[in-house]
Each structure stands twice: as structure tokens, then as C-alpha cells.
Amino acid sequence: MNQYEAVFILTPVLSEAQMKEAVKDYEKFIKADGGKVVSKEDWGLRKLAYPIQKKSNGFYNLFEFQANPSLIAELELKFKRDERVIRFLTVKMDKFHITYAETRRTRLKNPKPAKA
Amino acid sequence: MAGKKDGEIRYLNPPTVEVKRDKYCRFLKYGIKFIDYKDPDYLLAFINEQGKLLPRRLTGTSLKYQRKVAQAVKRARHIALIPYVADQMK
């Protein structure tokens, strides 16, 4: 079971409910195959640095999950076929990446008191 | 100008001698082991105004971390956090 990180962008045309449903859909897909979603992050509607499919902003979502390698090919196929997702990137996490992700999560949860 | 010794060049204003600051690799110095492709502000330090990757001789990073920076920038570009080409982006 390796640890992976997947960032994907949903088209801004989606309503809030559809966006949540898409995220839940992928989460179920990972769980179905015995994977475990370590953390889920929703960056919300963000401006894209360049237009993708004639759209200039999109809903960013980040998944950090553990899965066996065979699942990744299917997951990417699912991303490719789903027309709600306009861009995705899955990355295998090495040990430095994992430690970094943990510190980043704790930092996000309780941000350091801003230096006075 | 017979008195001018050959090869003696006089400048209008004194040539500014670049103070030789030795560059260091910030990743080695501060022990950063992973460059996150998800926060674009950090990566902005490694690309120029047009969005191109800065060479090692300017940033001073070691080869190992320059490759990690390059990979992180390319991933950030793929998920549209950093533009591929930009004008006066900074």
C-alpha cells in the first residue's frame, strides 16, 4: 500500500451539490478497493493561471490516500473519463513528502501565532 | 598622446567591483527536504518574470535540488497554479 496524493480541478459550472457529490464519488471509489483516504482538502473556487477548456477558474480538491498500485491506473482512467474533472495530477509520496504533508496539515489546522 | 602607456585604459567612472557573495543552496542550508508543488508563492522565487525556470548559476541551488525544483514547477504548471508563459508576473 503506497501513499499517493491526487489534486484535481472540477469545472466551475458545477453547483455546490454536484461538486460535493463528485468528491464523494472519488472517495467511495478509493475506499471500495480497500484504500484509505488520509486527508481531504477543498481549496474551493480558485483562479487558474491559464484558461483550461475556455474556463478561467475551477474548484480545486486535494486527496491524500493510501492505495495499492493497481488502483491508480483505474483512478486516472476514471478522472479522464469524467467530464466534470478538467485537470488531475496523482503523485506518489516518498517519505520526505509524507512528513512534509503531516507538518503542513498541523500547520493548517492550528496556524502559528502570527509573529507580532 | 605619446605619454599614454600602451594598454592603460582609463574609465570615465570607476568600474564597480561586484562584491563576491558566495551563493549557497538554500535547501541544503536550511535542511529542506521536499519542495511542495502546491504552494506557488514559494516557487515564484525560482522562476523569472516570464515564468521560466531560473538557472542554477543565479539561484545557486545544488543539482539535486534544482531537479526537484524543476519537477515541482512543472507539476504546478500542470495544475494551473503557475502559468507556462507570463509577462511581468512578479
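Up top is the structure these notes are about.
Conventions used here
- Residues numbered from 1 in each chain as written.
- Chains lettered and ligands numbered in written order.
- Predicted model: local features only at pLDDT ≥ 70, side-chain atom pairs only at ≥ 80, totals over all residues.
- Heavy atoms only, no water.
- Pairing = 2+ DSSP bridges.
- Helix = DSSP H or I, 4+ residues; strand = E, 2+ residues; numbered from the N terminus.
- Axes fitted to C-alpha atoms, helices over the stretch in contact; angles between N-to-C directions.
- Contact = heavy atoms within 4.5 Å.
- Buried area = accessible area lost by both parts, 1.4 Å probe.
- Salt bridge = Lys/Arg side-chain N within 4 Å of Asp/Glu carboxyl O.
- Polar contact = N/O pair within 3.5 Å; in protein donor to acceptor, adjacent residues only side chain to side chain.
- Buried < 20%, exposed > 50% of the residue type's maximum accessible area, 1.4 Å probe, protein only.
- Expected span 1.5 Å × (residues − 1).

**Student:** Can you lay out the sheet that holds strand E4 (residues 85-92) of chain A for me, pointing to particular residues and giving the numbers?
**Tutor:** All names here are of chain A. Strand order in the open sheet formed by four strands is E2-E3-E1-E4, with antiparallel pairing between adjacent strands. Since the sheet does not close on itself, it has two edges, and those belong to strand E2 (36-52) and E4, each with one partner. For this sheet, the mean angle separating the axes of adjacent strands, direction not counted, is 20°. Pairing geometry for E2 and strand E3 (residues 55-67), over eleven bridges, is antiparallel. In the strand pairing of E3, Lys40 is matched with Phe63. Packing against the sheet, helix H3 (residues 95-109) makes contact with strand E1 (2-10), E2, E3 and E4, and its axis sits at approximately 85° to E2.

**Student:** Please provide a residue-by-residue account of the interface of chain A and chain B, values included.
**Tutor:** Opposite the 19 residues of chain A that make contact, chain B presents 16 residues. At the boundary of chain A with chain B, total buried surface from both sides reaches about 1,600 Å², with 67% on carbon and sulfur atoms. Summed over the shared surface of chain A and chain B, the number is two salt bridges. Notably, a salt bridge pairs Asp36 of chain B with Arg104 of chain A, separated by 3.9 Å at the nearest N-O pair. Joining chain A to chain B, the criterion identifies ten residue pairs in polar contact (both at pLDDT 80 or more). Elements with a contribution of two residues or more to the side of chain A that touches chain B: E1, E2, E3, E4 and H3 of chain A. The dominant element in the side of chain A that touches chain B, judged by the number of residues it contributes, is E2 of chain A, at six residues.

**Student:** An account of the environment of Ala76 of chain B is needed here, citing residue identities and associated values.
**Tutor:** All names here are of chain B. Here Ala76 shows up in helix H4 (residues 63-78). The class of Ala76 is buried, set by a relative accessible area of 0%. The spatial distance from the C-alpha of Ala76 to the C-alpha of Asp39 is 8.2 Å, given a sequence separation of 37 residues. Once you skip the residues sitting within four places of it in the chain, Ala76 turns out to touch Tyr37, Leu43, Leu81 and Ile82.

**Student:** Please set out H4 of chain B residue by residue, giving values where relevant.
**Tutor:** With 16 residues, H4 of chain B extends 23 Å between its outermost C-alpha atoms, agreeing within 8% with the 22 Å of an ideal straight helix rising 1.5 Å per residue. On the buried face of H4 of chain B, the contacting elements are E2 of chain A together with helix H1 (26-29), helix H2 (40-43) and helix H3 (56-59) of chain B. Immediately beyond the C-terminal end of H4 of chain B, within one or two residues, lies Ala80 of chain B, with a positive phi of roughly 60°.

**Student:** Mind laying out the environment of Glu74 of chain A, listing which residues take part and the relevant values?
**Tutor:** All names here are of chain A. Position of Glu74 relative to the elements: it lies in helix H2 (residues 69-81). When its relative accessible area of 42% is taken as the criterion, Glu74 is described as partly exposed. Taking the C-alpha atoms as reference points, Glu74 and Phe29, separated by 45 residues in sequence, lie 9.6 Å from one another.

**Student:** An account of the pattern of salt bridges is needed here, citing residue identities and associated values.
**Tutor:** Oppositely charged side chains can form a pair if their charged atoms are brought close together. The full count for this structure, using the stated rule, is twelve salt bridges over all chains. We note a salt bridge from Lys20 of chain A to Glu16 of chain A, for which the minimum N-O separation is 3.1 Å. Note that Lys20 of chain A and Glu16 of chain A are positioned in helix H1 (residues 16-32) at a spacing of four residues, about one turn of the helix. On the basis of relative accessible area, Lys20 of chain A is assigned to the partly exposed category, the value being 44%. What makes Glu16 of chain A partly exposed here is its relative accessible area of 46%. A salt bridge links Arg84 of chain A to Asp82 of chain A, with the nearest nitrogen and oxygen atoms 2.8 Å apart. Just as Arg84 of chain A is buried, Asp82 of chain A falls in that class too. Linked by salt bridges that have partners in common, Glu5, Glu41 and Arg104 of chain A together with Asp36 and Lys38 of chain B make up one network.

**Student:** Explain the pairing of E3 of chain A to me, and be specific about the residues and the numbers.
**Tutor:** Residues and elements named next belong to chain A. Pairing of E1 with E3 involves nine bridges; the strand directions are antiparallel. Bridge pairing in E3 places Leu10 opposite Phe59. Connecting E2 to the next strand, E3, in antiparallel fashion are two residues, including Gln53 with a positive phi near 45°.

These figures come from the coordinates and say nothing about function on their own.
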